[in-house]
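# Breakdown of the fold
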Amino acid sequence: MLELLWYEKSGWRWALAPFALLFALISGGRRYGYRRGWLKSYRASLPVIVVGNISVGGNGKTPVVVWLVEQLQARGFKPGVVSRGYGGKAPHYPYRLDEQSTTAEAGDEPVLIARRCGCPVVVAPKRADAVRLLEQGGEVDIIITDDGLQHYALARDLELVVVDGVRRFGNGCLLPMGPLREPMTRLKRVDAIICNGGTPARGEYPMQLVADAPRRVRDDALAAEPLPRDIDAMAGIGHPPRFFATLESLGYELKQSVGYADHQAFDSAELLARFADRPLLMTEKDAVKCRDFAPAHWWYLPVSAELPTSLLDTLLASMAVSRAGFGK
């Protein structure tokens with residue numbers, strides 16, 4: 001219902017205007033308090049890069065985090081990642097992921113990042129606690145926070161905002177009247193805006209998600225031969241239609257395309273019954289939650305962010321300036 005109000009022309013959204021005004025007063029006051037120093041932020045001894053957005057829903061933050069980690073590793077850096085760990089309940093916080101960590105403990109995105117990148121990943125509701133643990137470990141020299149643009153209790157050196165290039169900002173209104181967590185004027189204060197698909201606006205960095213060969217969910221094995229054209233598809237992400245459109249662009253015909261809520265904990269019995277007949281393709285984010293019970297005909301489609309190499313050079317130059325100012 002809210003999706004229709006946010007991304008389709010609807011006069012009903014004005015009924016939510018009083019709540020949007022209240023949200024603006026609370027969030028704006030909090031933001032102003034941190035900016036003025038009335039509310040304290042933790043400033044890490046290591047550079048901190050935040051990858052976030054100003055709107056709700058899946059905009060493609062996690063592929064950008066993975067891209068950033070891999071690019072930094074290629075340049076000789078030792079990055080670590082922190083996350084809130086949404087959807088998981090760890091035995092303690094801060095919680096550092098290991099090879100046995102599950103999505104029930106750490107959330108789906110941190111598990112995906114840890115497996116994909118092989119870098120230290122720590123989750124905590126208070127991201128500053130996760131950052132402190134990485135600082136104490138001495139294994140990393142730069143920290144990336146997956147989401148957390150609005151988590152002002154953690155100071156940051158750089159801010160990257162990911163924008164859905166197709167849906168953009170919907171009706172441009174704040175929650176719950178629209179999809180925005182912060183007003184669009186907030187974009188003037190960030191270091192880079194990344195446009196995921198669609199047509200980038202002036203000053204935005206273009207990004208495309210490039211699909212790799214499907215891999216089997218239960219063991220990550222590559223398919224020995226191409227999958228049949230007729231398949232089922234599922235996606236438990238912020239905007240499932242984007243994934244289904246990607247599959248169709250690759251030539252698949254979707255007999256079932258089932259969207260689930262972002263970060264949803266799956267019912268294995270329900271999935272096994274629903275997707276028993278044809279090959280099933282899902283996102284990598286879903287695969288980390290299905291690995292333990294997936295049959296042999298379930299596959300996931302890895303995707304990687306493709307971004308201009310000039311972006312990393314710009315970020316590193318900006319980070320050097322930020323750190324120089326911090327050290328004075």
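Fair warning: this is a prediction, and the values are worked out from it, not measured in the lab.

### Details of the environment of proline 241
For proline 241, the location among the structural elements is in helix α7 (residues 240-249). Using a relative accessible area of 44% as the deciding quantity, one classes proline 241 as partly exposed. Separated by 18 residues in sequence, proline 241 and glycine 259 have C-alpha atoms that sit 7.8 Å apart.

### Examining the packing of helix α3 (residues 61-74) against helix α5 (residues 108-117)
Helix-helix packing is described using two parameters, namely the angle between the two axes and the distance between the axes. The interhelical angle for the contact between α3 and α5, taken along N-to-C directions, is 30°, at an axis separation of 10 Å. In terms of orientation, α3 and α5 fall into the roughly parallel class. Handedness of the α3/α5 crossing: right-handed. Where α3 abuts α5, its residues Thr62, Val65, Val66, Val69, Glu70 and Gln73 lie against Glu109, Leu112, Ile113, Arg116 and Cys117.

### Overview of the UniProt feature "transmembrane region" (unreviewed entry) in the protein chain
Per the UniProt record, "transmembrane region" (unreviewed entry) is annotated on residues 12-33. Span residues 12-33 is 77% helix and 0% strand, its end C-alpha atoms 33 Å apart.

### Points about the UniProt feature "binding site: ATP" (unreviewed entry) in the protein chain
With numbering matched to this structure, UniProt assigns "binding site: ATP" (unreviewed entry) to Ser55, Val56, Gly57, Gly58, Asn59, Gly60, Lys61 and Thr62. Here glycine 57 lies in the loop between β1 (48-52) and α3. Overall, the relative accessible area of 30% leaves glycine 57 in the partly exposed class. On the secondary structure map, glycine 60 appears in the loop between β1 and α3. Taking relative accessible area as the criterion, glycine 60 reaches 13% and is therefore assigned buried.

### Things to note about α7
All buried positions along α7 are accounted for by Pro240, Phe243, Phe244 and Leu247. Buried residues along α7 cover an arc of 95° about the axis, so they all sit on one side. The secondary structure elements touched by the buried residues of α7 are β10 (230-235), β11 (253-259), β12 (280-283) and β13 (298-301). Positive phi appears at glycine 251, one or two residues downstream of α7, with a value of about 100°.

### Re the pattern of salt bridges
Applying the stated criterion across every chain yields a total of 22 salt bridges. Put simply, aspartate 147 and arginine 181 hold a salt bridge, and the shortest N to O gap is 3.4 Å. Of the two residues, aspartate 147 sits in the loop between β5 (142-146) and β6 (158-164) while arginine 181 sits in the loop between β6 and β7 (192-196), which places them 34 residues apart along the sequence. In this structure arginine 181 comes out as partly exposed when scored by relative accessible area, which is 22%. Note that arginine 186 and glutamate 182 form a salt bridge whose closest N and O atoms lie 3.3 Å from each other. Owing to a relative accessible area of 5%, arginine 186 belongs among the buried residues under this scheme. Several salt bridges share partner residues, and in doing so they unite Arg31, Arg156, Glu159, Glu182 and Arg186 into one network.

What counts as what
- Residues numbered from 1 in each chain as written.
- Predicted model: local features only at pLDDT ≥ 70, side-chain atom pairs only at ≥ 80, totals over all residues.
- Heavy atoms only, no water.
- Helix = DSSP H or I, 4+ residues; strand = E, 2+ residues; numbered from the N terminus.
- Buried < 20%, exposed > 50% of the residue type's maximum accessible area, 1.4 Å probe, protein only.
- Axes fitted to C-alpha atoms, helices over the stretch in contact; angles between N-to-C directions.
- Parallel < 35°, antiparallel > 145°, perpendicular 65-115°, else oblique.
- Left-handed = near helix turned anticlockwise from the far one by under 90°.
- Contact = heavy atoms within 4.5 Å.
- UniProt positions renumbered as here; feature names shortened; annotations may be inferred.
- Arc of directions from axis to C-beta.
- Salt bridge = Lys/Arg side-chain N within 4 Å of Asp/Glu carboxyl O.

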